Amino acid sequence: MAQSKEEFLEQFGEDYGYPDARRGIDELRAADFKRLEGMVYLDHAGATLYSEAQMADVTKDLMSNVYGNPHSQSDSSMATSDLLTSARHQVLKYFNASPRDYKCVFTSGATAALKLVGECFPWSTDSCYMYTIENHNSVLGIREYALSKGATASAVDVEEVVDPSKNHGSGSLFKVSKHSNQRRGDDVLLHNYQNGRQTAISGNNLNLFAFPSECNFSGHKFNLSLVNLIKEGNFLGTSQQQGRWMVLIDAAKGCTTEPPNLTVYPADFVVCSFYKIFGYPTGLGALIVKNEAASLLNKTYFSGGTVAASIADIDFVQKRNSIEQVLEDGTVSFLSISSLRYGFKIIDTLTISAIARHTASLTTYVRKKMMDLKHSNEKNVCIIYGQQASKVKDLKMGPTITFNLKREDGTWFGYREVEKLASLSGIHLRTGCFCNPGACAKYLGLSHSDLVSNFEAGHVCWDDNDIINGKPTGAVRISFGYMSTYEDAEELLKFLRLSFVSKAVGLNNGYMVNMDTLNLVDDWSQKVISDIRLKSITIYPVKSCQGFSVQGWPLATGGLKYDREWLLQGSGGEILTQKKVPELSSISTLIDLELGKLFLESPKCKDKLQISILENLTHLSADVEVYGQRYEVQTYSDKVNSWFSDAIGRPCTFMRCSSSKYRSCTISGRRDRLCRDARSKLSFVNEGQLLLVNEESISDLNSRLSSSNGNGKQRVLVDAMRFRPNIVVSGSTPYGEDNWKRLNIGDAYFTSMGGCNRCQMINLYQSSGQVIKSKEPLATLASYRRQKVGSCAMSCLSLFFCYVINNFTCEQGKILFGILLNYEDGMDEEYDAVVEKWIKVGQEVYPSIE
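Note that the structure is a prediction, hence the values are computed from the model and not measured.

**Looking at the overall build of the protein**
A tally of regular secondary structure across the protein gives 22 helices and 43 strands. Looking at the 850 residues of the protein, the share that counts as buried comes to 53%. Long-range pairs, those at least 24 residues apart, make up 72% of the contacts in the protein with a sequence separation of at least 6. Carbon together with sulfur atoms contributes 50% to the accessible area of the protein, which is approximately 38100 Å² in total.

**Let's talk about unusual backbone geometry**
Each neighbour pair has its own omega, and for Y280 with P281 the value is 5 degrees, a cis peptide bond. With respect to the secondary-structure elements, P281 resides in the loop between α9 (275–278) and β11 (285–290). With a phi close to 50 degrees, N96 is a non-glycine residue in the positive phi region. Mapped onto the elements of the fold, N96 is located in the loop between α4 (75–94) and β2 (102–107). For N96, a relative accessible area of 37% puts it in the partly exposed group. Even without glycine at this site, Y562 takes up a positive phi of about 70 degrees.

**Considering the UniProt feature "active site" (unreviewed entry) in the protein**
Look at the UniProt record and you will see "active site" (unreviewed entry) annotated at C435. Those residues in contact with C435, other than ones at most four positions away along the chain, are N135, H136 and N137.

**Things to note about the state of the cysteines**
Enumeration according to the criterion identifies one disulfide in this entry. Between the sulfur of C433 and that of C440 lies a disulfide, 1.9 Å long from S to S. When the S-S torsion is -40 degrees, as for the bridge of C433 with C440, the disulfide is left-handed. What makes C440 buried here is its relative accessible area of 1%. The thiol of C545 is unpaired, and the distance to the nearest cysteine sulfur, on C652, comes to 9.4 Å. C545 gets classed as buried once you look at its relative accessible area, which sits at 0%. Residue C652 is classed as buried on the basis of its relative accessible area, which comes to 8%.

**Topic: the side chain of N763**
Its location among the elements puts N763 in the loop between β36 (748–757) and β37 (764–767). Note on N763: relative accessible area 0%, which makes it buried.

**Re the packing of aromatic side chains**
Enumeration over the complete set of coordinates arrives at 32 aromatic pairs. Ring plane angle 20 degrees and centroid distance 4.3 Å describe the contact between F644 and F654, whose orientation is recorded as stacked. One end of the pair, F644, is in helix α19 (residues 638–648); the other, F654, is in strand β32 (residues 652–661), and 10 residues separate them in sequence. Just as F644 is buried, F654 falls in that class too. Put simply, the rings of Y94, F95, F106, F274, F278 and F344 pair up and form one aromatic cluster. Sitting over the ring of F434, R477 keeps its end group 4.5 Å from the ring centre.

**Structural notes on the confidence of the model for the protein**
For the protein, mean pLDDT is 83; residues scoring 70 or higher make up 81% of the total. Note on residues 187–202: pLDDT is under 50 here. Beyond four places in sequence and across chains, it has 29 contacts. Confidence drops under a pLDDT of 50 for residues 506–529, and excluding neighbours within four residues, the segment shows 51 contacts in the predicted structure.

**Quick notes on the sheet that holds strand β25 (residues 559–560)**
Across a sheet, paired strands are connected by hydrogen bonds in the backbone, their directions being either parallel or antiparallel. Spatially, the three strands line up as an open sheet ordered β25-β24-β42, and their pairing is antiparallel. Whereas interior strands pair on both sides, the edge strands pair on one side only; in this sheet they are β25 and β42 (837–840).

**Details of the UniProt feature "modified residue: N6-(pyridoxal phosphate)lysine" (unreviewed entry) in the protein**
Here, the residues flagged by UniProt with the feature "modified residue: N6-(pyridoxal phosphate)lysine" (unreviewed entry) are K276. Given the relative accessible area of 15%, K276 is considered buried. Not counting chain neighbours up to four residues away, the residues in contact with K276 comprise A45, G46, T48, A252 and T256. Among the polar contacts listed, one links the side chain of K276 to the backbone oxygen of A45, at a separation of 2.8 Å.

**Observations regarding the environment of S81**
You can see S81 is positioned in helix α4. Each C-alpha atom, one on S81 and one on Y67, is 9.1 Å from the other, the two residues being 14 residues apart in sequence.

**Digging into the pairing of β42**
A one-sided burial pattern is seen for β42, the buried positions being K837 and I839 and the unburied ones W838 and K840. Where strand β24 (residues 552–556) and β42 come together, four bridges link them in antiparallel fashion. Across the sheet, residue W553 finds its bridge partner in β42, namely I839.

**Points about the nonpolar core**
Within the largest apolar cluster, 128 residues are counted, with the highest numbers of intra-cluster contacts made by F95, F106, F274, I288 and V366. By residue number, the principal contributor to this core is helix α18 (residues 486–500), which donates seven residues. Here F106 is in contact with L84, A87, R88, V91, F274, L284, G285, A286, E328, I337 and L340, once residues within four sequence places are set aside. Listed in part, the 48 residues of the second largest apolar core include W553, I587, L690 and W740.

**Some remarks on the sheet that holds strand β5 (residues 174–178)**
Reading across from one edge, β2-β11-β10-β9-β8-β3-β4-β5 is the order of the eight strands in this open sheet, with mixed pairing throughout. The two strands at the open ends of the sheet, each matched to only one other strand, are β2 and β5. Neighbour-to-neighbour, the strand axes of this sheet turn through a mean angle of 20 degrees, independent of strand direction. Taken together, the five bridges between strand β4 (residues 152–160) and β5 define a ladder with antiparallel strand orientation. Within the sheet, the bridge partner assigned to D157 lies in β5 and is S177.

**Looking at the side chain of E776**
With respect to the helices, strands and loops of the structure, E776 is situated in the loop between β38 (770–773) and α21 (778–784). One buried charged side chain, E776, makes no salt bridge at all; its nearest oppositely charged neighbour is R722, positioned 7.9 Å away. Beyond its immediate sequence surroundings of up to four residues, E776 is in contact with L705, V716, R722, I762 and N763.

Calculation criteria
Residues numbered from 1 in each chain as written. Predicted model: local features only at pLDDT ≥ 70, side-chain atom pairs only at ≥ 80, totals over all residues. Heavy atoms only, no water. Helix = DSSP H or I, 4+ residues; strand = E, 2+ residues; numbered from the N terminus. Buried < 20%, exposed > 50% of the residue type's maximum accessible area, 1.4 Å probe, protein only. Contact = heavy atoms within 4.5 Å. Areas by Shrake-Rupley, 256 points an atom, 1.4 Å probe, with all protein chains shown as cover. UniProt positions renumbered as here; feature names shortened; annotations may be inferred. Disulfide = S-S within 2.5 Å. Phe/Tyr/Trp six-rings, centres within 6.5 Å; stacked < 30°, edge-to-face > 60°. Lys NZ or Arg CZ within 6 Å of the ring centre and 35° of its normal. pLDDT = per-residue confidence, 0-100. Pairing = 2+ DSSP bridges. Polar contact = N/O pair within 3.5 Å; in protein donor to acceptor, adjacent residues only side chain to side chain. Core = buried A, V, L, I, M, F, W, Y, C linked by side-chain atoms within 4.5 Å. Axes fitted to C-alpha atoms, helices over the stretch in contact; angles between N-to-C directions. Lys, Arg positive; Asp, Glu negative; His and termini not counted. Salt bridge = Lys/Arg side-chain N within 4 Å of Asp/Glu carboxyl O.

Listed below in structure tokens is the structure:
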């Protein structure tokens with residue numbers, strides 16, 4: 001890395017690392033961001049990070065001073081008022097806005113500031129709300145206020161042209177593509193009244209144009225000369241609309257490296273959030289509003305602090321004259337506001353221009369390196385959105401890179417797969433559409449019909465549906481902050497190269513699962529004959545709690561009897577698992593079949609809990625959804641719920657599966673049966689009824705874990721129980737289970753549903769009574785057990801392999817270990833009766849790859 005960094009510094013050394021500051025980037029990072037050791041944080045567009053020195057200053061201030069409610073005349077109140085005045089001036093200074101022309105109104109964030117403009121703007125039926133297609137949802141939301149008052153709304157796509165001299169008309173710097181007008185039906189209010197008077201008529205009406213200073217999706221920086229063109233009536237998109245135009249800039253993203261200069265570009269409204277600039281405080285933003293524009297806002301609600309006088313029992317209220325006091329409801333977050341000076345202290349020390357140059361050097365370097373990444377067939381790995389697609393060579397870009405990744409066959413890596421692997425590598429980034437639907441659709445090439453069909457297919461914001469009909473539904477975004485380093489950039493590039501770039505090394509690399517791990521035999525129609533035996537059986541009565549081992553256990557129509565038949569639901573209706581509540585792993589369980597009781601024990605509860613498993617409960621609750629499956633459940637008494645609440649340290653409800661409403665999917669088997677038969681009672685499982693793990697696969701994984709930790713670190717070893725299997729077998733070859741389509745244990749038959757997709761839950765383990773989280777073994781599994789086939793139609797040989805390893809082969813991007821089984825439910829088809837069967841430790845296991 002040393003040589004690469006030297007080359008980087010030769011090109012970017014004048015801009016990178018704050019060479020003119022008292023402390024360079026390496027010293028800054030080591031002193032004020034020690035908590036980032038071993039971590040690569042690349043989501044500064046989502047939230048940048050506060051420094052430790054900043055927080056020390058904040059804490060010292062609050063511990064040394066007394067700040068009272070500013071709505072009073074006491075010394076502490078006056079101290080707060082002085083502090084608020086100083087903070088407002090500091091914010092205006094940041095935007096180069098004169099206090100004579102602008103006011104700073106504190107809000108709970110940029111979104112609250114935008115909402116304030118939308119609800120107070122004097123809309124009329126002659127008004128128009130126009131906004132660029134690349135805008136955050138919080139800006140789009142203003143449209144609801146406009147349309148509800150009968151105004152017109154319209155989205156425009158604004159592009160800077162290559163050669164302004166070839167353009168005609170007054171808007172010579174921009175090409176504007178206007179989308180169709182939006183207007184509500186005839187039932188909207190025809191007039192908007194302000195204080196009992198009708199609003200301005202055509203010709204005197206007010207219109208609003210909104211755009212971001214920097215697109216939070218692509219990082220594209222909009223040319224702020226738009227402000228002057230629009231206000232002067234020389235912008236092509238607005239020139240045909242009668243009335244006066246006002247301009248709103250969403251600077252939430254852009255002001256982190258280039259705040260709009262309001263002396264040069266006098267927008268009427270500018271919004272920001274301070275955690276985007278220097279990490280702390282959250283929940284605090286500002287509306288920077290021009291005095292003239294503020295006087296036109298029509299605020300209906302009044303509250304504490306906004307009125308000079310009011311009478312309770314008659315319609316009398318007199319609002320205050322101060323713009324800030326009128327628009328700020330209640331008591332502002334004055335302690336948060338007091339901390340702003342320490343954030344601005346950092347910005348002033350480094351200077352905003354140096355921050356812009358520093359982050360731009362990293363962004364330019366990484367973007368170039370990403371565009372150079374090629375697969376072995378010379379096809380591009382990274383598709384970058386924004387500048388790459390622009391017709392303007394020198395289009396200004398912020399410190400953001402948004403992209404998707406392609407396989408060498410042209411298919412897409414899902415962004416969730418990228419996020420999951422990045423997390424295992426200690427890289428923090430963001431995926432999705434980033435609440436910017438217009439930019440997302442624009443850059444991903446998604447039509448209206450695509451968006452609607454995706455929604456109808458179940459895709460919503462923040463879900464895992466990253467590829468639908470062969471197209472990405474979102475993207476991956478990295479963004480740099482003032483404390484980002486060259487080493488952060490290199491770690492990201494290393495991650496991309498190792499995880500997504502194919503190498504020309506033959507069949508064993510680049511396919512879904514390494515082909516040398518498959519237990520292939522010469523005669524594909526014969527059974528795999530080996531001395532495979534059932535080594536252990538584990539039952540997990542309560543989802544995410546400890547299991548217990550048995551020598552033998554009965555099977556039911558839903559798999560192992562009583563397995564995952566109970567779970568805990570949080571007070572908000574969420575299903576509690578170890579990923580959310582690690583304390584669940586300390587609750588031990590045991591079922592005594594003869595006594596018909598479930599026994600539970602927790603180190604946090606003095607008494608053991610006993611629950612009858614034969615008793616019919618009378619408490620029935622509504623249906624519960626668990627990972628897309630609907631269940632009817634039985635609930636328990638307050639005494640039982642209190643025991644579990646004490647055990648995990650949060651309120652919860654204990655419930656038992658009564659019945660389920662089934663999803664069905666066809667699997668290839670002896671009788672082409674449904675994977676979840678409508679006659680079966682399905683327990684609280686995620687996918688298959690049982691999980692099988694192969695002891696030889698565990699041994700192979702441990703050998704890889706040992707070899708990967710030869711750097712002096714403590715050896716990381718896992719046992720089968722880390723994977724929470726129901727069945728452990730021994731005597732096979734490593735990963736031989738990948739090929740199994742069916743198997744029988746004694747006279748019980750099971751169908752394989754393919755590999756089990758592993759999540760970070762396998763990285764949790766108990767040590768000295770504490771739940772420890774690491775990156776292993778999932779990180780190592782990701783290096784060799786990850787799906788990599790782009791599409792099954794690659795070659796005859798690939799199709800053959802795809803057939804051999806069954807359904808899970810084409811489920812791209814998953815990290816597989818163990819296989820999921822469904823029990824062929826023991827129904828005697830001749831008599832239509834359930835025949836209870838048992839499996840026992842030591843029984844032979846007969847797998848089949850037919």
